[in-house]
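# Examining the three-dimensional arrangement
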Amino acid sequence: MSEPLKYKAETAVASYLGTAAAQNGHVIFKGQNPGEQTPPCIVVSVASVAEAFADALPKRIQIAIEIISPIDTDQNQDGIAGATNDRALNWSAHRSTVQAIEAAMQDVVALQTHANKGNLSTSRPVTGFYAYDVEEESQQSNYAGSERMLISSLGYVVTCEAQDN
């Protein structure tokens, strides 16, 4: 049984970001996994699926990309790990990771090349998948104070279909 198109899109984007973007120590997780996802991390998950147009094979898959970074790695601000230095370094790493993810997602040709590679059996992240376009839909950031985390959420729509073209 073939994996649903939404999960193929999720896998393709996560795989692409793993090869295309500077993660600055962020580990990439795929899906809204109930398992522990330890920061710093990048979570790529499907938000929704809709037809690209009436009775269409191509679908518009809404992908959420969350970049989650700790602010103070010693978690208690006691200065042992250097709270001020931790904050400056982690804030800077978070910002540069967000910029790298944005730049990678703006390079539609590179994502298509990665997702639509010619050798179906060995070099594609998933088969039965073809990406046509990527559109940015949203961006937001927040600071989860009690957890001492920076979280940037980027929303994209990947137009794709469940076949190899």
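See the structure above.
Below or above, wherever it landed, is the structure these notes cover. The residue count restarts for each chain, going from 1 along the sequence in the order it is written. Since the coordinates come from a predicted model, pLDDT governs what is reported: local features require at least 70, and pairs of side-chain atoms require 80 or more to be given and counted, while whole-chain, interface and lining totals use all residues. Side-chain numbers here rest on the full set of heavy atoms in the structure, without hydrogens or water.

All right, on to the pairing of strand β5 (residues 149–161) then. Burial status follows relative accessibility: with a 1.4 Å probe on protein chains alone, a residue under 20% of its type maximum counts as buried, one over 50% as exposed, and anything between as partly exposed. Working definition: helices are DSSP H or I runs of at least four residues, strands are E runs of at least two. Numbering for both runs from the N terminus. A large share of β5 lies buried, amounting to 13 of its 13 residues. With burial as the criterion, each face of β5 is covered, one bearing M149, I151, S153, G155, V157, T159 and E161 and the other bearing L150, S152, L154, Y156, V158 and C160. Pairing between strands is defined by DSSP: at least two bridges between them are needed. Summarising the sheet, strand β3 (residues 59–70) and β5 pair through 12 bridges and their orientation is antiparallel. By the bridge assignment, I61 is partnered in β5 with V158.

Each Phe, Tyr or Trp ring, with Trp reduced to its six-membered ring, pairs with another whose centre is within 6.5 Å; inter-plane angles below 30 degrees give stacked pairs, above 60 give edge-to-face pairs, and intermediate values give tilted ones. Using the criterion set out here, one finds one aromatic pair in the structure. A ring pair is formed by Y130 and Y132, whose centres lie 5.0 Å apart and whose planes are at 65 degrees; its orientation type is edge-to-face. A residue is classified by how much of its surface remains accessible, and Y130, at 22% relative accessible area, is partly exposed.

The next thing to look at is the side chain of T97. For T97, the location among the structural elements is in helix α2 (residues 83–106). In this structure T97 comes out as buried when scored by relative accessible area, which is 0%. One polar contact links the side chain of T97 to the main-chain carbonyl oxygen of Q23, over a distance of 3.5 Å. When checking whether two residues touch, look at their non-hydrogen atoms; a contact exists if any pair is within 4.5 Å. If sequence neighbours within four positions are ignored, T97 has contacts with A22, Q23, N24, H26, I42 and I67. Whenever two N or O atoms come within 3.5 Å, that pair is a polar contact, provided that in protein one can donate a hydrogen and the other can accept it, and provided that, for residues adjacent in sequence, both atoms are side-chain atoms.

Next up on the list: helix α3 (residues 108–115). Every buried residue of α3 is listed here: V108, L111, H114 and A115. Projected onto a plane normal to the axis of α3, the buried residues spread over an arc of 130 degrees and lie on a single side. The arc in question is the one spanned by the directions pointing from the helix axis to the C-beta atoms.

As a further point, take the pattern of salt bridges. In the sections that follow, a salt bridge refers to a side-chain nitrogen of Lys or Arg positioned within 4 Å of a carboxyl oxygen of Asp or Glu. What the rule picks out here adds up to three salt bridges. Put simply, K59 and E51 hold a salt bridge, and the shortest N to O gap is 3.8 Å. Taking the shortest distance from any N to any O, the salt bridge between D164 and R124 comes out at 2.3 Å. Here R124 lies in the loop between α3 and β4 (130–144) and D164 lies in the segment after β5, a separation of 40 residues in the sequence.

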